[in-house]
Amino acid sequence: MSTSKTLNMLEGLVKDSSFKWLLGKQSSFDEEIEEMGRSPSAGTNWIPELSPVANVVVRRCSKILGVSANDLRDSFKQEASESLKQPSLFARNFLEYCCFRALSLSVGVTGHLADKKFRRLTFDMMVVWEVPAVASQALLSVEEDATVSLEAFSRIAPAVPIIADVIICENLFGMLTSSAGGRLHFSVYDKYLCGLERAIKKMRTQSESSLLSGVRPKKEKILEIDGTVTTQPVLEHVGMSTWPGRLILTDHSLYFEALKVVSYDKPKRYDLSEDLKQIVKPELTGPWGTRLFDKAVSYKSISLSEPAVMEFPELKGHTRRDYWLAVIREVLYVHRYINKYKITGLARDEALSKAVLGIIRVQAIQELSLTNSMCYENLLPFNLCDQLPGGDLILETLAEMSTSREVHRSNRPKDTAGTLQSSASDMVSQLGSVFGGSSPRSRTSEKTSSLVVGEVVVGDVNPLERAVKESRKNYEKVVLAQETVNGVKMEGIDTNLAVMKELMLPVMETWNLVLSLLNWDDPMKSTVFCLFSSLIIWKGWLVYVFALASLFSAIFMVLTRCFSRGKLMVELKVTAPPPMSTMEQLLAVQNGISELEQNIQDGNIVLLKFRALLFSLFPQASEKFAVAMVVAAIMLAFVPGRYLLLVVFVELFTRYSPPRRASTERLIRRLREWWFSIPAAPVILQHDDKNETKKKK
C-alpha cells in the first residue's frame, strides 16, 4: 500500500503543474524527479519521510553505493542509535548518512574533483541539507542558482578533506561568499573546486634540480617553488651580500638554491621539523643593510649563527611575502604540534596531510581573486590554531582524536578494516609520485562499521567541532574587545599623558592622602591612623585587611553591574591639552630623552657606588655598611616578623611627627653626606674589534 501511495505521489508531481511553483523553473532536480516517476523501481527508491529533492540526492547516493534507497534506510536503522532515528531528526540524519557514505566512495577515485557531476553532487547535498524533510518542501524554492548557507557547508564540505577542514571551514565559507551576502553560489563553488584540481596538478608536476634531489630526503614532499621566473626573483640576504635564487618548500624543510653565473649553487637547508627554537617572522630589508622595504621573511634558529632573510620583491604591496610567511609557518606549526603531542605513525601522516591540503586550498582561493586583501593564516588550520584563543585546546582535541583512531586501527581485525572514513592522508596520497604515495585502496568492498566520515559525525557534533565553536565564541569576544582598544588609542604624547593623568587621578589622590598622614599635616588623623594600623599589625590581622579589600572590590563590581544593566558605559572625560606645533613636539621629545638619559646616569651611579661598597674601594664606608647588614640579618633571624614589621612601620610613620621631625632631618642629612662621600667604581669603555672589521668591509 505504501508503494502504491509513493507511485501516486510521483505521478502527481510529474503530471501536475503544482511542482512547477515549488521549483520556480525547470532544474536538474525537476528532471530527475520526472525520471524517477517513469522508473519501474520508483517505489524502492523513494523515502516518504524525505522531501522530493532530498529523494533525488539519496537516489544519486544509492547509485554510487550500488544499493537501493530502501536498503540504505534499513542499514541506517540498524546502525544508528535511537536518538538519531527520532521522527523530527530522521530525515536530516538519514540524508547525512547517505551523503557521507557516497562521498567516502567518491573521494577514493583519483581526479574526482575534475568530474563536474561530483562537484554538482556535493553542492546539491548542501542545498538539500537545509530542507531534508517532506514537511519542509513547501518552504523550498530550488533553482539552478540555489545558494548554500554556512551551516550546510560546514556539515557537508568537511566530509571531503580537500574541500574544507573543520577548523577553517567558517573562514573558508566567508572567503567564498565575501561578495554574495553570506550565501554560497554554485558558480563560485565550482570555480573553487576547479582551482583545487589545478593546484593539485601544479603540486604533482613540481620539478626539482639534480642538486636538490641529492640533498632532499625521499620522505620530504615538495609543496611550493618560487624564484624560477626572472620577473619574480627571490633574494637571500646574508650579512651585507644579496643573492638571487630559487626557494623550495617541502613538508619538512625550506631550501634555497643561489643562482650563480650560469647555474644554481648547492641548496641550503633550513629545517622546520626539528625543535631548533625556530622563529619565522616578517622582516624589513634594503640596500647596504638598511630597513626600508617590508617584503621579506626572516628564519632564525639555534643552528644558525645569524638569521636567514628571504626577500620577495614586487612593485606594490607584500602579497608574495605574506603567502610564503603563512605557508612556512604552517609547516613549522604542524611539526611543533607533532613534536609536542608525540604524534607517530599514520596519525603523523594525517597531520602533515592536513597542513598540505590547507596550502592547496590557499592556492585555489588565490586563483579566484575574490578579495583585494587576503589573510592566508585564516585558511591554514595550524596557523589559525596559533592565533585563536583556546587554539591549544583545539590541537589537544585533535591529538586525542588522532590517537584514538590509531588505537582503533591497531585493535581492529583485518577482515573488518573498512570504515566509513575519508582521511586527509588518503587525499594527499592521490597527488602522485611527487608525494611518494599510491592511490588509496578501493572502498567498494568495505563494510560500514561507524557513522563517521573524516572528522564529521552523522547527526552529531564531534569533540573537535565543539572545541572550534568554543574557540570562535571566545575569538568574537576578543575581536569586540580589540575594537574598543583601537577606538581609545590616542595620537600625540601630550594627549596620552592627559589620558593617563585622568586615569591615575584616584591613585594620585590616595597617594596625596598617605603623604599628608606621613607628614602629620593633621596630627589627630595621623595619630588615629598610626594607632589603628599598629593594632592591626600587632594582632596579625593584615591578611584579613587585604581579604576584605578584595571582597569589597568584588561586591562593588557586582553592584555596579546590577545597577548599570542596560545603561551605556560611563565614558572617561579628559580635557584635551592645547595643540602643540611641530617644533614644540620636537622640543618635548628632546627634553624627554634628556631626562631619560639623566635618570639612566643616576641609576648607573647608584649601582657603581654599591659595587664600590661591595669591593671595599672605600673601606670606612664599607665597614659601616657591613655592620648595618649584620644588624639587619640578626633582626631578621631572631625577631618575629610581625614585630619587625611593627617596628619598621612605627619608625617610618612617626619620622615626621612633631617630636621627631628635627632629629629625622639631622639623620637624613648625615646619611646624604655619607652617600655623597662614597666614590663610584671605575668604568672603562672598550670597542668591539668585530664591529670595526665589519665596518671596514
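Quantities reported herein were computed from a predicted structural model and do not represent experimental measurements. (Residues numbered from 1 in each chain as written. Predicted model: local features only at pLDDT ≥ 70, side-chain atom pairs only at ≥ 80, totals over all residues. Heavy atoms only, no water.)

Regarding the overall build of the chain
Applicable threshold: A run of H or I in DSSP counts as a helix once it spans at least four residues, and a run of E counts as a strand once it spans at least two, with each numbered from the N terminus. Each residue gets one of three labels from its accessible area relative to the maximum for its type: buried under 20%, exposed over 50%, partly exposed in between, using a 1.4 Å probe on protein chains only. Any two residues whose heavy atoms approach within 4.5 Å at even a single point are treated as in contact. For the accessible areas, the method is Shrake-Rupley and the probe is 1.4 Å, while residue cover comes only from the protein chains on display.
Across its full length, the chain holds 26 helices and twelve strands. Residues classed as buried in the chain amount to 40% of the 697 residues present. The contacts of the chain with a sequence gap of at least 6 include a subset with a gap of at least 24, amounting to 65%. When the accessible surface of the chain is summed, it comes to about 40,200 Å², and 61% of that surface belongs to carbon and sulfur atoms.

Examining helix α12 (residues 319-341)
The following threshold applies: An expected span of 1.5 Å times one less than the residue number is assigned to each helix.
Its 23 residues give α12 an end-to-end C-alpha distance of 33 Å, which sits within 8% of 33 Å, the value for a rise of 1.5 Å per residue. Extensive coverage of α12 is indicated by the burial of 17 of its 23 residues. Once α12 finishes, K342 follows within two positions and takes phi at roughly 55°, a positive value.

Some words on the side chain of R155
Residue position: R155 is located in helix α8 (residues 150-156). Assessed through its relative accessible area of 10%, R155 is described here as buried. Leaving out residues up to four positions away in the same chain, R155 has contacts with E96, F100, W129, V456, V457, V458, G459, D460 and E465.

Structural notes on the nonpolar core
Which entries qualify depends on this criterion: Joining through side-chain atoms within 4.5 Å is the link that ties buried Ala, Val, Leu, Ile, Met, Phe, Trp, Tyr and Cys residues into a set, and such a set is a nonpolar core.
Within the largest apolar cluster, 120 residues are counted, with the highest numbers of intra-cluster contacts made by F94, F153 and Y192. Setting aside anything within four residues of it in sequence, one finds F94 in contact with I47, L50, V58, A69, L72, R73 and F76. In terms of nonpolar packing, the next biggest core, distinct from the first, is built from seven residues, W520, C530, I537 and L646 among them.

Re the environment of R661
If you trace the backbone, R661 turns up in helix α25 (residues 661-676). Relative accessible area serves as the criterion here: at 32%, R661 is assigned to the partly exposed category. Separated by 141 residues in the primary sequence, R661 and W520 place their C-alpha atoms 9.9 Å from one another. If near-sequence neighbours (up to four positions away) are discounted, R661 is found in contact with N519, R655 and Y656.

A look at the pairing of strand β4 (residues 234-238)
The criterion, for reference: Here, any two strands with at least 2 DSSP bridges between them count as paired.
Buried residues dominate β4, accounting for four of its five residues. Of the pairings in the sheet, the one linking β4 to strand β5 (residues 241-250) comprises five bridges and is antiparallel in character. Looking across to β5, one finds that H237 is bridged to T242. Joining the antiparallel neighbours β4 and β5 is a turn of two residues, in which G239 adopts a positive phi near 65°. Two elements, β4 and strand β10 (residues 308-311), share three bridges in a ladder whose sense is antiparallel.

Some points on a nonpolar patch on the surface
For the record, the criterion: The patch calculation keeps residues exceeding 30% relative accessible area without a salt bridge and links them within 9 Å when they carry like charges or within 5 Å when they are nonpolar (Val, Leu, Ile, Met, Phe, Trp, Tyr). In the sections that follow, a salt bridge refers to a side-chain nitrogen of Lys or Arg positioned within 4 Å of a carboxyl oxygen of Asp or Glu.
A cluster of nonpolar residues, M500, L503, M504, V507, M508, W511, V514, L572 and V574, forms a patch on the protein surface that exposes about 820 Å² of accessible area. Looking at the nonpolar patch, the elements that each hand over two or more residues are α18 (493-503) and α19 (505-518). The greatest single-element share of the nonpolar patch, amounting to four residues, is contributed by α19. Here M504 lies in the loop between α18 and α19.

Some words on the pattern of salt bridges
Across all of its chains, the model carries 24 salt bridges by this definition. Two residues, R155 and E465, come together in a salt bridge whose shortest N-O distance is 3.7 Å. Of this pair, R155 sits in helix α8 while E465 sits in helix α17 (residues 463-487); the two residues are 310 residues apart in sequence, bridging distant segments of the chain. There is no split in this pair, since R155 and E465 are both buried. In this structure, the salt-bridge partner of K221 is D251, at a minimum N-O distance of 3.6 Å. Taken as a pair, K221 in the loop between α11 (210-215) and β3 (222-226) and D251 in the loop between β5 and β6 (253-258) lie far apart in primary sequence, 30 residues in all. D251 sits in the buried class, given a relative accessible area of 2%.

Digging into the pairing of strand β9 (residues 293-300)
Relative to β9, strand β8 (residues 279-285) is paired through six bridges, and the arrangement is antiparallel. By the bridge assignment for β9, V280 is matched with Y299. Relative to β10, β9 runs antiparallel, the two being bridged by four bridges. Opposite S298, over in β10, you have V309 as the bridge partner.

Looking at a positive patch on the surface
Applicable threshold: For this count, His and the chain ends are skipped, Lys and Arg are scored as positive, and Asp and Glu as negative. Throughout, a charge is located at the NZ atom of Lys, the CZ atom of Arg, the CG atom of Asp or the CD atom of Glu.
A surface patch of like charges, here positive, comprises R466, K469, K473 and K477. Its location among the elements puts K469 in helix α17.

Concerning the environment of I162
Within the element layout of this structure, I162 appears in the loop between α8 and α9 (169-176). Since its relative accessible area comes to 1%, I162 is described here as buried.

Section: unusual backbone geometry
One non-glycine residue, K277, lies in positive phi territory at about 55°. Along the chain, the position of K277 falls in the loop between β7 (268-271) and β8. Residue W520 is not a glycine yet carries a positive backbone phi of 60°. If you trace the backbone, W520 turns up in the loop between α19 and α20 (523-539). Taking relative accessible area as the criterion, W520 reaches 12% and is therefore assigned buried.

Things to note about the packing of α12 against helix α13 (residues 345-368)
Selection criterion: A fitted line through C-alpha atoms serves as each axis, taken over the contacting stretch for helices, and the angle formed by two N-to-C directions is quoted from 0 to 180°. Angle categories are assigned with fixed cut-offs, so that under 35 degrees is roughly parallel, over 145 is roughly antiparallel, 65 to 115 is roughly perpendicular, and the rest are oblique. Rotating anticlockwise by less than a right angle from the far helix to the near helix defines a left-handed crossing, while the corresponding clockwise rotation defines a right-handed one.
Two numbers describe how α12 lies on α13: the axes approach to 9 Å, and their chain directions differ by 165°. Judged by the angle between their axes, α12 and α13 are roughly antiparallel. In the crossing of α12 with α13, the sense of the turn from one axis to the other is right-handed. Taken together, the residues of α13 that come into contact with α12 (itself represented by Y323, V327, E330, V331, V334, H335, Y337 and I338) are R348, A351, L352, A355, I359, V362, Q363 and Q366.

Without other data, these values stay purely geometric and don't point to any function.
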